[in-house]
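Topology and contacts: notes
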Amino acid sequence: MAAPCAEDPSLERHFKGHRDAVTCVDFSIKTKQLASGSMDSCLMVWHMKPQSRAYRFTGHKDAVTCVNFSPSGQLLASGSRDKTVRLWVPNVKGESTSFRAHTATVRSVHFCSDGQSFVTASDDKTVKVWSTHRQKFLFSLSQHINWVRCAKFSPDGRLIVSASDDKTVKLWDKSSRECVHSYCEHGSFVTYVDFHPSGTCIAAAGMDNTVKVWDVRTHRLLQHYQLHSAAVNALSFHPSGSYLITASSDSTLKILDLMEGRLLYTLHGHQGPATTVAFSRTGEYFASGGSDEQVMVWKSNFDVVDHGEVMKVPRPPATLASSAGNLMEFHSYYPGCSAMARSRLTTTSASWVQPEVDFPVPSGRGRSVESVQSQPQEPVSMPQTLTSTLEHIVGQLDILTQLHQKVPASQRGCRLKAPACQMGSAVAVVTSGAWECS
């Protein structure tokens, strides 16, 4: 097991209260509450403040499959195998309204960023959009030919993406209600899909153990990760857009650096399949759930330096206009290649990379909320000569980057450099490596 360093994720708390596998988790807007659903038909709302009591909401007549807080945090939506959607007020009273949304299991529920509507996906092969305050059915999207596992709005609310057991990911225009594009690269059921915070990319997870990232403007496959040894059940983008976390039936969580296209961490905590994972709205925390009935809350730590800087950069709306860009488009809305060059430089040394971090689960079933303290952490030091050499190289890279940015986009390229294989600029199959700009 690798020794933890100051930037490692740390297991902060784990919550016990569900009586069956946890299926879904979601943080409220200010990270004051964490909601989880379970095969035990119950919805739990956990308070992040220590020693606070949790709420157990009952009402669904079968497994709870999905949860999502509204943008304001004043409503909590849940979907169930009982074919209904419930809208809860997440307080001690736990008042809710229920309506039959589909003719089969509801697999996914997600609010639009304005909170005025939400989208659901179901085993009845449809995606449906609803009015939030009147729970009024607005329209249905029905081109999938098998169960629809997940559906999400784009950050600007203009697009919808859906993932299905028909092995496709479909992109829909909300206003025209037309399918804009179908992504067919998965070799098995697609379990989960979500938009990058910029709205320009989507990531999908599948039963074929892979995660794929596409550009929604050009519809090109940008990255293809083959890191898990079993089905990938869920994923979540960090709010900065620089990181992606995945949960798999191989019992692990994996954190990926999207700017470099490499694995940062493999987290071992759940005993059995990890079924769900989600970053908080600020990215400071992420939560995971598993078939072991546990809900775990982790502190990210690894993002403390760059997240604040990245979040200051305005995010462009999603657009369907085609573009003649290349893989550099994936990170064009974030700090430039000079920052990437620094990151690439520091991660080429094995002593700086923490690929595996083991977090044992505390034994015993005492109180419903337990706090886990991480071990003392030792900073990583570098020889002075190496430090000065690295600073010199970084300075040279900054100069090269400035020259690079003056070259027309049509003359630039970006490819993934991986130890196992070399792919072209259109698709990058990633297990490790770094972005190389030319």
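Below you will find a few notes about this structure.

1. Quick word on the side chain of threonine 126
Here threonine 126 is to be found in the loop between strand 11 (117–122) and strand 12 (127–131). Among the polar contacts made by the side chain of threonine 126, one reaches the side chain of histidine 102 at a distance of 3.2 Å. When neighbours within four sequence positions are excluded, threonine 126 is seen to be in contact with His102, Thr120, Ala121, Ser140, Leu141, Ser142 and Val148.

2. A short note on the sheet that holds strand 17 (residues 178–183)
Pairing between the strands of a sheet comes from backbone hydrogen bonds, and it takes one of two forms, parallel or antiparallel. Ordered in space as 14-15-16-17, the 4 strands form an open sheet in which the pairing is antiparallel. Strand pairing shows two members of the sheet lacking a second neighbour, strand 14 (148–153) and strand 17, which therefore form its edges. With direction set aside, neighbouring strand axes in the sheet form an average angle of 20 degrees. Here strand 14 pairs with strand 15 (residues 159–164) via 5 bridges, running antiparallel. Across the sheet, residue alanine 151 finds its bridge partner in strand 15, namely serine 162.

3. Concerning the pairing of strand 16 (residues 169–173)
Summarising burial for strand 16: 5 of the 5 residues are buried, a large majority. Across the two faces of strand 16 the burial is the same, with Val169, Leu171 and Asp173 and Lys170 and Trp172 all buried. Of the strand pairs in this sheet, strand 15 and strand 16 are connected by 5 bridges, and their pairing is antiparallel. By the bridge assignment, isoleucine 160 is partnered in strand 16 with tryptophan 172. Counting the residues between successive antiparallel strands, the hairpin from strand 15 to strand 16 contains 4 residues, one of them, lysine 167, with a positive phi of roughly 75 degrees. Note that strand 16 and strand 17 share 5 bridges and pair antiparallel. Residue pairing in the sheet places leucine 171 in a bridge with histidine 181 of strand 17. Linking strand 16 to strand 17, which pair antiparallel, is a turn of 4 residues; within it arginine 177 sits at a positive phi near 65 degrees.

4. Considerations on empty space enclosed by the protein
The tally for this structure, following the rule as stated, stands at 1 cavity of 30 Å³ or more. When its volume is computed, the largest cavity comes out at roughly 40 Å³. Each residue belonging to the lining of the largest cavity can be placed in one class, and the counts come to 4 nonpolar, 5 polar and no charged.

5. A look at the pairing of strand 26 (residues 274–279)
The buried fraction of strand 26 amounts to 5 of the 6 residues, a majority that puts the element mostly inside the structure. Pairing of strand 26 with strand 27 (residues 285–290) involves 5 bridges; the strand directions are antiparallel. Within the sheet, the bridge partner assigned to phenylalanine 279 lies in strand 27 and is phenylalanine 286.

6. What to know about the pattern of salt bridges
Applying the stated criterion across every chain, the model contains 9 salt bridges. Residue arginine 107 pairs with aspartate 123 through a salt bridge whose shortest N-O separation is 2.8 Å. Note that arginine 107 is positioned in strand 10 (residues 106–111) and aspartate 123 in the loop between strand 11 and strand 12, a separation of 16 residues in sequence. By relative accessible area, arginine 107 is classed as partly exposed at 24%. Given a relative accessible area of 10%, aspartate 123 falls into the buried group. A salt bridge links lysine 299 to glutamate 284, with the shortest nitrogen-to-oxygen separation between them at 3.9 Å.

7. With respect to the environment of leucine 11
If you trace the backbone, leucine 11 turns up in strand 1 (residues 10–16). Separated by 287 residues in the primary sequence, leucine 11 and tryptophan 298 place their C-alpha atoms 4.4 Å from one another.

8. Topic: the sheet that holds strand 8 (residues 84–88)
If you trace the 4 strands from one edge of the open sheet to the other, you get 6-7-8-9, paired in antiparallel fashion. Two strands in the sheet have a free side with no partner beyond their single neighbour: strand 6 (64–69) and strand 9 (96–100). Put simply, the sheet's adjacent strands are angled 20 degrees from each other on average, direction ignored. In the sheet, strand 6 pairs with strand 7 (residues 76–80) via 5 bridges, with the strands oriented antiparallel. When the bridges of strand 7 are listed, cysteine 66 appears paired with glycine 79.

9. Quick notes on the environment of threonine 103
Position of threonine 103 among the secondary structure elements: in the loop between strand 9 and strand 10. By relative accessible area, threonine 103 is classed as exposed at 55%. Expressed as a C-alpha distance, the spacing of threonine 103 and aspartate 82, which sit 21 residues apart in the sequence, is 9.2 Å. Discounting residues that sit within four places of it in the chain, threonine 103 has contacts with Lys83 and Asp124.

10. Describing the nonpolar core
The biggest cluster of nonpolar side chains holds 48 residues, and the ones touching the most others in it are Val169, Ile202, Leu244, Leu253, Ile255 and Phe286. Per-element accounting of this core gives the leading share, 5 residues, to strand 19 (residues 201–206).

Rules of the game
Residues numbered from 1 in each chain as written. Predicted model: local features only at pLDDT ≥ 70, side-chain atom pairs only at ≥ 80, totals over all residues. Heavy atoms only, no water. Helix = DSSP H or I, 4+ residues; strand = E, 2+ residues; numbered from the N terminus. Polar contact = N/O pair within 3.5 Å; in protein donor to acceptor, adjacent residues only side chain to side chain. Contact = heavy atoms within 4.5 Å. Pairing = 2+ DSSP bridges. Axes fitted to C-alpha atoms, helices over the stretch in contact; angles between N-to-C directions. Buried < 20%, exposed > 50% of the residue type's maximum accessible area, 1.4 Å probe, protein only. 1 Å grid on protein atoms, 1.4 Å probe; cavity = no way out; pocket = protein on both sides within 12 Å on 5 of 7 lines; lining within 4 Å. Points joined across faces, edges and corners; volume = space filled by probe spheres on them. Nonpolar A, V, L, I, M, F, W, Y, C, P; charged D, E, K, R; others polar. Salt bridge = Lys/Arg side-chain N within 4 Å of Asp/Glu carboxyl O. Core = buried A, V, L, I, M, F, W, Y, C linked by side-chain atoms within 4.5 Å.

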